[in-house]
There are 2 protein chains.
Amino acid sequence: MKEGDPGGMLAGLQCPLPAGERPASERPAVLLAHGGGGRMTQALIQDLFLEAFRNPALEALHDGATLSLEGGRIAFSTDSFVVRPLFFPGGDIGSLAVHGTVNDLAMCGARPIALSAGFILEEGLPLEDLRRVVRSMRDAAARAGVPIVTGDTKVVDRGKGDGIFITTTGLGRVPPGIEIDPRRARPSDAVILSGPIADHGIAVLSVREGLRFETELKSDSAPLHTLVEGILAAGGEGVHVLRDPTRGGVASALNEIAAACGYGIRIREAAIPVREEVRGACEILGLDPLYVANEGKCLAIVAREKAEAVLAAVRSDPLGREAAFIGEVVEEHRGKVVLRSRIGGNRVVEMISGEQLPRIC
Amino acid sequence: MKEGDPGGMLAGLQCPLPAGERPASERPAVLLAHGGGGRMTQALIQDLFLEAFRNPALEALHDGATLSLEGGRIAFSTDSFVVRPLFFPGGDIGSLAVHGTVNDLAMCGARPIALSAGFILEEGLPLEDLRRVVRSMRDAAARAGVPIVTGDTKVVDRGKGDGIFITTTGLGRVPPGIEIDPRRARPSDAVILSGPIADHGIAVLSVREGLRFETELKSDSAPLHTLVEGILAAGGEGVHVLRDPTRGGVASALNEIAAACGYGIRIREAAIPVREEVRGACEILGLDPLYVANEGKCLAIVAREKAEAVLAAVRSDPLGREAAFIGEVVEEHRGKVVLRSRIGGNRVVEMISGEQLPRIC
């Protein structure tokens with residue numbers, strides 16, 4: 001490479017990694033050939049993906065998996081994960097990709113049946129990083145009791161991706177009688193939040209920004225299907241809406257629900273759990289925890305007569321011990337979310353307008 | 001930016017696009033905020049995705065779609081698309097992403113029921129390019145008779161993606177009695193190929209390399225589920241294996257089948273249809289058409305007694321007019337593919353070892 005760059009010509013070139021970040025030659029890395037559909041692709045599938053995800057549907061190594069399903073209602077959900085960095089306190093892109101899709105199914109009231117995974121890898125990614133992510137997916141899927149039955153791997157040239165992007169898609173079964181839909185929220189419904197907010201966003205941001213706190217802040221990334229089963233067992237048809245407040249946080253999730261159902265949602269600031277160290281980090285970073293992403297929390301909007309039973313069920317789950325009533329659906333403030341602050345004033349909580357934290361999931 | 005770069009410091013910076021490729025300020029582009037989960041994400045979903053894909057499941061705007069299914073066997077398949085360039089003769093990444101997943105379902109013997117789509121967009125992508133791709137997906141899905149019922153959009157910072165990556169996942173229904181599995185190929189089965197090979201790979205490569213030919217070479221990108229229905233109607237349980245020879249081409253697809261079933265596959269070079277201009281382009285580019293990607297072709301491995309009926313069915317479909325018997329499954333050459341050349345010699349056709357054409361799909 002030239003020493004000087006007077007014409008700015010280097011700007012148009014593909015960026016090589018700085019030398020210190022280049023994979024050492026003895027550190028095996030993803031090559032374009034791993035995405036070619038030939039022997040190297042097969043080797044990657046056999047050594048890495050099959051080794052981790054082994055199950056009969058995947059072992060058929062066909063273009064897709066074939067599953068036998070009972071008739072009924074099926075939930076179908078997809079999410080792409082581009083979180084940066086790939087590894088963060090409390091999780092990594094692999095477990096996040098499993099939890100995120102398991103949770104999207106759970107928010108439809110569904111129990112997961114099967115997942116697919118599509119990988120877009122950047123040339124030069126250390127194979128050990130890929131292996132670590134794949135094993136983390138395996139463990140997360142095993143804990144959630146859901147097999148990864150089919151997948152795909154593509155490789156893009158260096159500088160055209162960012163290590164690993166994963167798209168997971170899930171199939172789940174919705175039990176009879178369960179009708180979860182943001183349009184079902186109605187006045188007097190209680191709003192339950194399963195625990196303290198903003199852990200995921202702050203954990204990812206703290207490692208990205210090199211911030212240190214006295215206590216390590218950890219992502220709350222976790223699968224919520226068991227917690228949701230408890231909610232449905234306790235609340236039955238009285239469970240109107242479920243939502244996991246991921247990017248955009250609790251504020252955006254509640255705004256979406258208010259817009260969908262056409263009623264208002266009133267929440268009480270003092271009732272919303274936020275860990276002390278997370279609140280401190282938000283203050284330092286100038287972030288409102290209401291807008292920060294969660295990856296293991298659930299909002300449940302439940303008929304008043306079922307609300308106590310549902311809250312008790314959530315609190316009996318290890319992931320919901322700190323659950324709380326945070327508000328209710330109201331006739332007024334149609335389509336809006338209104339927060340009663342600690343000092344007693346009311347303010348409209350808008351949907352986040354842009355990007356508070358890029359690439360948080 | 002500094003005029004000189006004596007320490008090579010610029011190498012580690014994110015590459016800005018060269019000025020000529022920067023979107024003009026009056027040309028609206030994807031921003032990081034479009035991926036933030038807030039108002040701009042909602043606007044993108046409403047104006048672009050919902051406008052194109054409108055259907056009741058998608059309009060619920062929930063974390064996933066809920067579908068009512070009859071019981072039975074379901075095919076489930078996912079593919080990520082990273083083709084470069086986004087637009088090429090005969091198609092674009094949008095139609096390709098629909099056809100690719102419809103075809104993977106078809107290769108399981110399934111009729112498509114629903115698709116999901118996960119988008120990973122690069123900051124700076126012109127919104128008009130995204131709109132063009134989304135409309136192309138809409139048209140391809142409508143032609144294939146399959147709704148896009150759920151999706152997700154993420155945005156990565158400039159220089160960490162490449163315009164648009166799309167991951168489509170499909171659900172399909174496998175009719176009773178149909179058992180398509182590469183392990184079912186057996187000696188004396190006929191190998192049928194639905195038409196001339198290598199069109200897709202050569203079309204993409206020609207535009208990427210700026211090659212011009214007398215006739216425009218076009219991708220064969222097309223949905224194969226109707227052709228497969230014809231195959232299954234004609235061949236029933238005698239249809240043992242279906243495979244669309246995408247990246248890695250016919251050679252790699254047949255090698256995978258030979259490895260899975262444990263028998264040999266013998267093919268005749270003279271029987272394999274290749275368009276004259278594609279053959280010429282392959283010669284110029286030093287490519288073997290057997291290894292070049294197809295996106296609208298199907299290999300069918302069929303019991304001998306059903307072979308004539310299946311070939312007739314394929315030829316009666318507009319996408320299969322040039323179908324041919326190209327070989328058979330044999331006891332010898334176990335796990336290998338052997339080609340009888342035009343001049344009479346035999347050679348083993350290996351699985352492609354690396355990457356012949358990066359980012360072809």
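Residues numbered from 1 in each chain as written. Chains lettered and ligands numbered in written order. Predicted model: local features only at pLDDT ≥ 70, side-chain atom pairs only at ≥ 80, totals over all residues. Heavy atoms only, no water.

### Concerning the packing of helix α1 (residues 39-53) of chain A against helix α4 (residues 127-144) of chain A
All names here are of chain A.
Okay, so step 1: Packing of α1 against α4 brings their axes to within 8 Å, and their N-to-C directions diverge by 25°. Taken together, the axis directions place α1 and α4 in an arrangement best described as roughly parallel. Considering only the axes of α1 and α4, their crossing is right-handed. Touching Leu44, Asp47, Leu48, Phe49, Glu51, Ala52 and Phe53 of α1 are Leu127, Leu130, Arg131, Val134, Arg135, Met137 and Arg138, all from α4.
Okay, so step 2: For the contact of α1 with α4, the class distribution of residues is nine nonpolar, no polar and five charged. (Axes fitted to C-alpha atoms, helices over the stretch in contact; angles between N-to-C directions. Helix = DSSP H or I, 4+ residues; strand = E, 2+ residues; numbered from the N terminus. Parallel < 35°, antiparallel > 145°, perpendicular 65-115°, else oblique. Left-handed = near helix turned anticlockwise from the far one by under 90°. Contact = heavy atoms within 4.5 Å. Nonpolar A, V, L, I, M, F, W, Y, C, P; charged D, E, K, R; others polar.)

### What about the sheet that holds strand β1 (residues 65-69) of chain A?
Okay, so step 1: Within the open sheet, the five strands sit side by side as β1(A)-β2(B)-β7(B)-β5(B)-β6(B). Their pairing is mixed. The open sheet has two edge strands, β1 of chain A together with β6 (148-156) of chain B, and neither has a second partner. Direction aside, neighbouring strands of the sheet carry axes that sit 20° apart on average.
Okay, so step 2: Two elements, strand β2 (residues 72-81) of chain B and strand β7 (residues 164-174) of chain B, share nine bridges in a ladder whose sense is antiparallel. Considered in β7 of chain B, the bridge of serine 77 of chain B is made with glycine 170 of chain B. (Pairing = 2+ DSSP bridges.)

### A word on the environment of glycine 262 of chain A
Residues and elements named next belong to chain A.
Okay, so step 1: Looking at where glycine 262 falls in the secondary structure, it is placed in the loop between α7 (249-261) and β10 (264-268).
Okay, so step 2: Sequence separation between glycine 262 and alanine 185 is 77 residues, and the spatial gap between their C-alpha atoms is 8.7 Å.
Okay, so step 3: Those residues in contact with glycine 262 that sit more than four places away from it in its chain are Arg334 and Gly335.

### Details of the environment of arginine 143 of chain B
Residues and elements named next belong to chain B.
Okay, so step 1: In this structure, arginine 143 sits in helix α4 (residues 127-144).
Okay, so step 2: You can call arginine 143 exposed: its relative accessible area is 58%.
Okay, so step 3: For arginine 143 and alanine 222, which are 79 residues apart along the polypeptide, the C-alpha to C-alpha distance reads 9.8 Å. (Buried < 20%, exposed > 50% of the residue type's maximum accessible area, 1.4 Å probe, protein only.)

### Observations concerning the relation of the copies chain B and chain A
Okay, so step 1: You can overlay chain B on chain A at an RMSD of 0.0 Å; the transform is a turn of 180° with a shift of 0.0 Å along its axis. Considering both components of the superposition, the chain copies are consistent with a two-fold axis. Relative to the rotation axis, the closest C-alpha in chain B is found at glycine 71 of chain B, a distance of 1.8 Å.
Okay, so step 2: By residue overlap, the copies meet face to face through one surface: 100% of the interface positions of chain B are interface positions in chain A. (Least-squares fit on C-alpha atoms with pLDDT ≥ 70 in both.)

### Structural notes on the sheet that holds strand β10 (residues 264-268) of chain B
Residue and element names in this part refer to chain B.
Okay, so step 1: Ordered in space as β9-β11-β8-β12-β10-β13-β14, the seven strands form an open sheet in which the pairing is mixed. Since the sheet does not close on itself, it has two edges, and those belong to β9 (239-243) and β14 (346-348), each with one partner. Recorded for the sheet is a direction-independent mean angle of 25° between the axes of neighbouring strands.
Okay, so step 2: The pairing of strand β13 (residues 337-340) with β14 spans three bridges and is antiparallel. The residue of β14 that forms the bridge with arginine 340 is asparagine 346.
Okay, so step 3: Each of β8 (190-193), β11 (299-302) and β12 (324-330) is contacted by helix α9 (residues 304-315), which is oriented at about 155° to β12, the strand it contacts most.

### What about α4 of chain A?
Residues and elements named next belong to chain A.
Okay, so step 1: Between its first and last C-alpha atoms α4 spans 25 Å; for 18 residues at 1.5 Å apiece the expected length is 26 Å, and the two agree.
Okay, so step 2: The complete set of buried residues in α4 reads Leu127, Asp129, Leu130, Val133, Val134, Ser136, Met137, Ala140, Ala141 and Ala144.
Okay, so step 3: Backbone geometry just downstream of α4 places glycine 145 in the positive-phi region, at approximately 70°. (Expected span 1.5 Å × (residues − 1).)

### Some details on the interface of chain B and chain A
Okay, so step 1: Each side of the interface is counted separately: chain B has 91 residues, and chain A has 91 residues.
Okay, so step 2: Summed over both partners, the interface of chain B with chain A comes to about 7,100 Å²; 54% of that surface belongs to carbon and sulfur atoms.
Okay, so step 3: If you sort the residues of chain B by the area they bury against chain A, Asp63, Phe76 and Arg247 of chain B come out on top, with a joint share of 12%.
Okay, so step 4: There are seven salt bridges connecting chain B and chain A. (Buried area = accessible area lost by both parts, 1.4 Å probe. Salt bridge = Lys/Arg side-chain N within 4 Å of Asp/Glu carboxyl O.)

### Brief notes about the confidence of the model for chain A
Residues and elements named next belong to chain A.
Okay, so step 1: When the pLDDT values of chain A are averaged, the result is 90; 92% of them are 70 or greater.
Okay, so step 2: Here residues 1-23 scores under 50 on pLDDT; set against residues more than four positions off or in separate chains, the count is 33 contacts.
Okay, so step 3: Predicted as a complex, the structure gets a pTM of 0.91 and an ipTM equal to 0.91. (pLDDT = per-residue confidence, 0-100.)

### Section: the packing of helix α5 (residues 199-209) of chain A against helix α8 (residues 276-285) of chain A
All names here are of chain A.
Okay, so step 1: It is the contact of α5 with α8, at a shortest axis distance of 10 Å, that shows an interaxial angle of 55°. With respect to α8, the axis of α5 lies oblique. In the packing of α5 onto α8, the handedness of the crossing is left-handed. Every residue of α8 that contacts α5 at Asp199, Ile202 and Leu205 is listed here: Val278, Ala281, Cys282 and Leu285.
Okay, so step 2: Looking at the contact of α5 with α8, its residues break down into six nonpolar, no polar and one charged.

### Digging into the environment of phenylalanine 53 of chain A
All names here are of chain A.
Okay, so step 1: Here phenylalanine 53 lies in helix α1.
Okay, so step 2: Phenylalanine 53 sits 88 residues away from alanine 141 along the chain, and the two C-alpha atoms are 8.8 Å apart.
Okay, so step 3: Residues in contact with phenylalanine 53, not counting those within four places in the same chain, are Leu58, Val134, Met137, Arg138 and Ile148.

### Some thoughts on the packing of aromatic side chains
Okay, so step 1: Scanning the model with the defined rule gives five aromatic pairs over all chains in all.
Okay, so step 2: Centre to centre, the rings of phenylalanine 49 of chain A and phenylalanine 53 of chain A are 6.3 Å apart; their planes meet at 35°, and the pair counts as tilted. Here phenylalanine 49 of chain A and its partner phenylalanine 53 of chain A are both found in helix α1, four residues apart, which amounts to about one turn of the helix. In this pair, the class of phenylalanine 49 of chain A matches that of phenylalanine 53 of chain A, namely buried.
Okay, so step 3: Plain terms: the ring middles of phenylalanine 165 of chain A and phenylalanine 165 of chain B are 6.4 Å apart, the flat faces sit at 45° to each other, and that makes the pair tilted. Taken together, the positions of phenylalanine 165 of chain A in strand β7 (residues 164-174) and phenylalanine 165 of chain B in strand β7 put the pair across two chains. Grouping residues by exposure puts phenylalanine 165 of chain A and phenylalanine 165 of chain B together as buried.
Okay, so step 4: Members of the aromatic cluster, connected to one another through ring pairs, are Phe49, Phe53 and Phe119 of chain A.
Okay, so step 5: The ring of phenylalanine 81 of chain B carries lysine 154 of chain A above its face, with NZ or CZ at 5.2 Å from the centroid. (Phe/Tyr/Trp six-rings, centres within 6.5 Å; stacked < 30°, edge-to-face > 60°. Lys NZ or Arg CZ within 6 Å of the ring centre and 35° of its normal.)

### Brief notes about unusual backbone geometry
Glycine aside, negative phi is the norm for most residues, and most peptide bonds take the trans geometry.
All names here are of chain A.
Okay, so step 1: Between arginine 84 and the following residue, proline 85, the backbone shows a cis peptide bond with an omega angle of 0°.
Okay, so step 2: Relative to the helices and strands, proline 85 resides in the loop between β2 (72-81) and β3 (87-88).
Okay, so step 3: The phi dihedral of serine 188 falls on the positive side, at around 85°, and the residue is not glycine.

### Details of the pairing of strand β1 (residues 65-69) of chain B
Okay, so step 1: Where burial is concerned, the two faces of β1 of chain B differ: the one with Ala65, Leu67 and Leu69 of chain B is buried and the one with Thr66 and Ser68 of chain B is not.
Okay, so step 2: Pairing between β2 of chain A and β1 of chain B: five bridges, direction antiparallel. When the bridges of β1 of chain B are listed, phenylalanine 76 of chain A appears paired with alanine 65 of chain B.

### Description of helix α3 (residues 93-106) of chain A
Residue and element names in this part refer to chain A.
Okay, so step 1: A rise of 1.5 Å per residue sets the reference length of α3, with its 14 residues, at 20 Å; its end C-alpha atoms lie 19 Å apart and thus fit the reference within 8%.
Okay, so step 2: With 14 of 14 residues buried, α3 lies mostly within the body of the structure.
Okay, so step 3: Of the residues that open α3, the one with a side-chain oxygen 2.7 Å from the backbone nitrogen of glycine 94 is aspartate 92. (Polar contact = N/O pair within 3.5 Å; in protein donor to acceptor, adjacent residues only side chain to side chain.)

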